[in-house]
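# An overview of the molecular structure
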Amino acid sequence: MLNRAVWRQSWGDQKLLLSALAALWAVFPWIYIWLQSQVPMGDFQLLLRLIPEDWQKLSGVPIAEVATAAGRIALAFVDPVVILGATVWGVTRGSDIVSGPLERGTMEMVLAAPVRRTAVYATHALATILGAAVLCGILLVGFWTAVAWGPWAGQVAPGRFAPAVGNTFGLMVCMAGVAGLVSAAGSHRSHAIGGMCGFYVLSLLAKLVGRMSDSLSWVGWLSVFGAYEPQRLVAGTADSWWLLARYDAVLVGLGLAAYLVGGVVFARRDLPAPL
C-alpha cells in the first residue's frame, strides 16, 4: 500500500533531477539532428568507409543501415546524453531508496510513523519508474517533433523511433532496480553509487568484448547493455516492436526482480542506530 506522505516526498526529492533531464532531453533531439544535417549524406558515407572493418562491429548494425537518415538519427540513442542520462536517473534515484535516507538520518523519522517498510520502498520505486516514463515521454516528443519538423522533415517517419525510446525506458528501470537492491543492503549512499559505477563499467566492457571477439561473443550476454540495442529498433516494422518486447522483457524484468529482492532485504534487515 502506498503512503501519500512518502509519495510526495519521493517526487519532491526527484523533481530537480527530473526537471533538468526533461529540459535536456526536450532540446537534445533538435540539436542532434541539426548537427547531423550539417554533414551531407555523401560525406558521412565516405567517413564510414574509412572506419576499419573490425571497428564496424561496434555499431551493432550494418554500416549500410547507419549511412541513412534513420540510421544517423538512431545514433542519438547511443549518445552519452541519452545513455548517461538514463543511467544517472536510475542510479541516482535507486541509490536513494534506502541508504540515502539512512545516511541523512531521515529514515528513522519516516519509519517512526505507522507505515510499513515495504510501503516506503514500493512508493519510492513506483515514483522512480513513473519519473522514467515521464522523461521517456518527453524524449519521444522531442524526437517526434524534431524528425517531423526539423532539417530532415519528410525523409523519415517519426514513429520509427518510438521503440528506441521504449528501450531507453527499459534501461532506466533496470538501472534503478539494481541500484535499489544495492541501496537496500547498505547504509551509505556513496557505497551504492560506487558499486553501480563498477556495475556500469563492467557491463559496458562485457558488451564491447562480446562485440569485438567472435570467440568471446557469449560475454556480451553477461551485460545488461546486451539488451539495449536502440539502433536495431528503427526499421519501422512490426519486427522492431517484437524485438523491443524481447529487450525490455530482459531489462524491465531484471529491474523489477531486483526491486523485489531489494524490498525483501529491506524488510528483513536490521537498521543501524542513528548517530
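Everything in this summary refers to the structure shown in the same document. (Residues numbered from 1 in each chain as written. Predicted model: local features only at pLDDT ≥ 70, side-chain atom pairs only at ≥ 80, totals over all residues. Heavy atoms only, no water.)

## What about the packing of aromatic side chains?
For clarity, the threshold we go by: Two rings from Phe, Tyr or Trp (for Trp, the six-membered ring) form a pair when their centres sit within 6.5 Å of each other. Planes less than 30 degrees apart are called stacked, planes more than 60 degrees apart edge-to-face, and all others tilted. Secondary structure elements follow DSSP: runs of H or I of four or more residues count as helices, runs of E of two or more count as strands, with numbering from the N terminus. Any residue under 20% of the maximum accessible area for its type is buried, any over 50% is exposed, and the rest in between are partly exposed; the area is computed with a 1.4 Å probe on protein chains only. Each ring is checked for a lysine NZ or an arginine CZ that lies within 6 Å of its centre and within 35 degrees of its normal; such an atom marks a charge sitting over the ring.
Summed over all chains, the structure comprises 7 aromatic pairs. Their ring planes at 65° and their centres at 5.9 Å tell us that W7 and W11 sit as a pair that is edge-to-face. On the criterion of helical spacing, the pair formed by W7 and W11 is a turn pair, its members being 4 residues apart in helix α1 (residues 4-37). Overall, the relative accessible area of 26% leaves W7 in the partly exposed class. The exposure class assigned to W11 is partly exposed, which follows from its relative accessible area of 23%. Put simply, the rings of F77, F143 and F161 touch in pairs and so form one group of aromatic residues. Sitting above the plane of the F266 ring, R117 keeps its charged end 5.5 Å from the centroid.

## Observations concerning the packing of helix α8 (residues 117-149) against helix α9 (residues 162-185)
To keep it simple, the criterion reads: Only the stretch in contact is used when a helix axis is fitted, and all axes are lines through C-alpha atoms; the angle between N-to-C directions ranges over 0 to 180 degrees. The cut-offs work like this: below 35 degrees is roughly parallel, past 145 is roughly antiparallel, 65 to 115 is roughly perpendicular, and the gaps in between are oblique. Here a crossing is taken to be left-handed if its near helix is turned anticlockwise relative to the far helix by less than a right angle, and right-handed if that turn runs clockwise. Working rule for contacts: check all heavy atoms of both residues, and any pair within 4.5 Å makes them a contact. Residues are grouped as follows: Ala, Val, Leu, Ile, Met, Phe, Trp, Tyr, Cys and Pro are nonpolar; Asp, Glu, Lys and Arg are charged; every other residue, Gly included, is polar.
Remark: α8 packs on α9, axes separated minimally by 9 Å, with the N-to-C direction vectors making an angle of 155°. It follows that α8 is roughly antiparallel to α9 by the angle criterion. Note on packing geometry: the crossing formed by α8 with α9 is right-handed. Of the residues in α9, those in contact with Y121, T128, I129, A132, A133, L135, C136, L139 and L140 of α8 are A162, V165, T168, F169, M172, V173, A176, G180, L181 and A184. Looking at the contact of α8 with α9, its residues break down into 16 nonpolar, 3 polar and no charged.

## Quick notes on helix α5 (residues 80-95)
Keep this limit in mind: Take the residue count of a helix, subtract one, and multiply by 1.5 Å to get its expected span. Polar contacts, as counted here, are pairs of nitrogen or oxygen atoms within 3.5 Å of one another; within protein the pair requires one atom able to donate a hydrogen and one able to accept it, and residues that are adjacent in sequence qualify only if both atoms are side-chain atoms.
With 16 residues, α5 should reach 22 Å at 1.5 Å per residue; the first-to-last C-alpha distance of 21 Å fits that figure. For α5, the set of buried residues is V82, I83, G85, A86, T87, W89, G90, V91, R93, G94 and S95. For α5, the elements touching its buried residues are α1, α6 (99-104), α8, α9 and α10 (189-212). The backbone nitrogen of V81 has a side-chain oxygen 2.9 Å away, supplied by the residue at the start of α5, namely D79.

## Thoughts on the nonpolar core
Formally: To qualify as a nonpolar core, a set must consist of buried Ala, Val, Leu, Ile, Met, Phe, Trp, Tyr and Cys residues joined through side-chain atoms within 4.5 Å.
Formed by 49 residues in total, the largest nonpolar core has its most connected members in I73, F77, L135, F161, M172 and F225. Looking at this core, the elements that each hand over two or more residues are α1, α4 (69-74), α5, α8, α9, α10 and α11 (238-268). The greatest single-element share of this core, amounting to 8 residues, is contributed by α9. Not counting the four nearest positions on each side in its chain, I73 is found in contact with Y32, I33, F143, V147, W152, V156 and F161. One finds I97, V98, L102 and F266 within the second-largest nonpolar core, a separate group that totals 12 residues.

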